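Topology and contacts: notes
One-letter residues, chain by chain:
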Amino acid sequence: MHYINAGDRRVYRSTHDPAAPVIYVVDAPEHPFEIADIANGLACTVVKVPISEWNDSLTPWPAPGLYRGEADFKGGASRTLAALCDEVIPLVEREEGLAPTRRAICGYSLGGLFALYAFTHSDRFNACACLSGSVWYEGWVEHLRGLDFDGTGTFAFLSIGTKEKRAALAILRTVQDNMQACADILRSHGCETEYAVGPGNHMQLHRERFAAGLAALDAHLQ
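Remember, predicted model here, so these are calculated numbers, not experimental data. (Residues numbered from 1 in each chain as written. Predicted model: local features only at pLDDT ≥ 70, side-chain atom pairs only at ≥ 80, totals over all residues. Heavy atoms only, no water.)

Topic: the overall build of the protein chain
- Within the protein chain, the secondary structure is distributed over 7 helices and 7 strands.
- Going from N to C terminus, the protein chain has its helices and strands arranged as β-β-α-β-α-α-β-α-β-α-β-α-β-α.
- On C-alpha atoms alone, the protein chain measures out to a radius of gyration of 16 Å, which is about the 17 Å that the 2.2 N^0.38 rule sets for 222 residues.
- By residue count, 55% of the 222 residues in the protein chain fall in the buried class.
- Long-range pairs, those at least 24 residues apart, make up 70% of the contacts in the protein chain with a sequence separation of at least 6.
- When the accessible surface of the protein chain is summed, it comes to about 9,700 Å², and 50% of that surface belongs to carbon and sulfur atoms.
- The protein chain carries 19 positive and 27 negative side-chain charges, and their two centres are separated by 4 Å. (Helix = DSSP H or I, 4+ residues; strand = E, 2+ residues; numbered from the N terminus. Rg over C-alpha atoms; globule rule 2.2 N^0.38 Å. Buried < 20%, exposed > 50% of the residue type's maximum accessible area, 1.4 Å probe, protein only. Contact = heavy atoms within 4.5 Å. Areas by Shrake-Rupley, 256 points an atom, 1.4 Å probe, with all protein chains shown as cover. Lys, Arg positive; Asp, Glu negative; His and termini not counted. Charge placed at Lys NZ, Arg CZ, Asp CG, Glu CD.)

The following block contains the structure:
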């Protein structure tokens, strides 16, 4: 499974119904997102899956690093998505006794970019949440615009902080305009899309963004 350690997953259930929808949350093993109290209040089952080496495992293709002397992004998202869909999800659902008819994927930062990538490159997910997603990534909007996918009956929640477009690097300052473009593209493919702009920069209010995103997915999947 390479970048994914399914054995360290965290599962949050508010129901014993094995058919309840499942939301898969992309987690960072080095700095886990603390969402247990948020997830435990949902009707859906939430599975937090640790994915390591985000700059390599979650990026859609190779690209230069952001800062001088920083390693390039390696672009391993297709391999990570294949492992998630073909190995991790079947394993988790078998071992946890889950039999969902609907699934969603949710992530923050590069995890949000990967969530949107997975949603538009696989039919495994009925919904996604891209929270402060790294849609500034070089070539991403053009790539999304060129995809041929049917979003009918699906749902996406996209969110961004108002201060994120004030980042020091020019490429990062494109993030809000790019997120709006992503929302417009998804809608043009028939995907019901909610786009939320809230307070804070990229490093602030991530719990609030998770709460809003997970609640939106939970409401849609019921």
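More follows now that the structure is in view.
A closer look at the nonpolar core
- Core analysis: the biggest nonpolar cluster contains 80 residues, and Ile23, Phe114, Phe125, Trp140 and Phe210 have the highest contact counts within it.
- Sort the elements by how many residues they give to this core and helix α3 (residues 77-96) lands first, with 9 residues.
- Residues contacting Phe114, with those up to four places away along its chain left out, are Val26, Leu58, Ala77, Thr80, Leu81, Leu84 and Ile105. (Core = buried A, V, L, I, M, F, W, Y, C linked by side-chain atoms within 4.5 Å.)

What to know about the pairing of strand β3 (residues 45-50)
- Of all 6 residues making up β3, 6 are buried, and the element is well covered by its neighbours.
- Summarising the sheet, strand β1 (residues 10-12) and β3 pair through 3 bridges and their orientation is antiparallel. Bridge pairing in β3 links Val11 to Val47.
- Direction of pairing for strand β2 (residues 22-27) relative to β3: parallel, over a ladder of 6 bridges. Looking across to β3, one finds that Val26 is bridged to Val49. (Pairing = 2+ DSSP bridges.)

Quick look at the packing of aromatic side chains
- For the structure on display, the rule yields 11 aromatic pairs.
- On the basis of an interplanar angle of 70° and a centroid distance of 5.4 Å, the ring pair of Phe73 and Tyr137 is categorised as edge-to-face. Taken together, the residues span a long stretch of sequence, with Phe73 in the loop between α2 (54-57) and α3 and Tyr137 in the loop between β5 (127-131) and α5 (140-146) at a distance of 64 residues. For the residue pair Phe73 and Tyr137, the accessibility class agrees, reading buried in each case.
- Each residue in the set Trp61, Phe73, Phe114, Tyr117, Trp136, Tyr137 and Trp140 is aromatic and connected to the rest through ring pairs, giving one cluster. (Phe/Tyr/Trp six-rings, centres within 6.5 Å; stacked < 30°, edge-to-face > 60°.)

Quick word on the pattern of salt bridges
- All chains considered together, the criterion is met by 9 salt bridges.
- For Glu95, the salt bridge identified is with Arg9, shortest N-O distance 2.9 Å. Taken as a pair, Glu95 in helix α3 and Arg9 in the segment before β1 lie far apart in primary sequence, 86 residues in all.
- Ionic pairing is found between Lys74 and Asp56, a salt bridge with its closest N-O pair at 4.0 Å. (Salt bridge = Lys/Arg side-chain N within 4 Å of Asp/Glu carboxyl O.)

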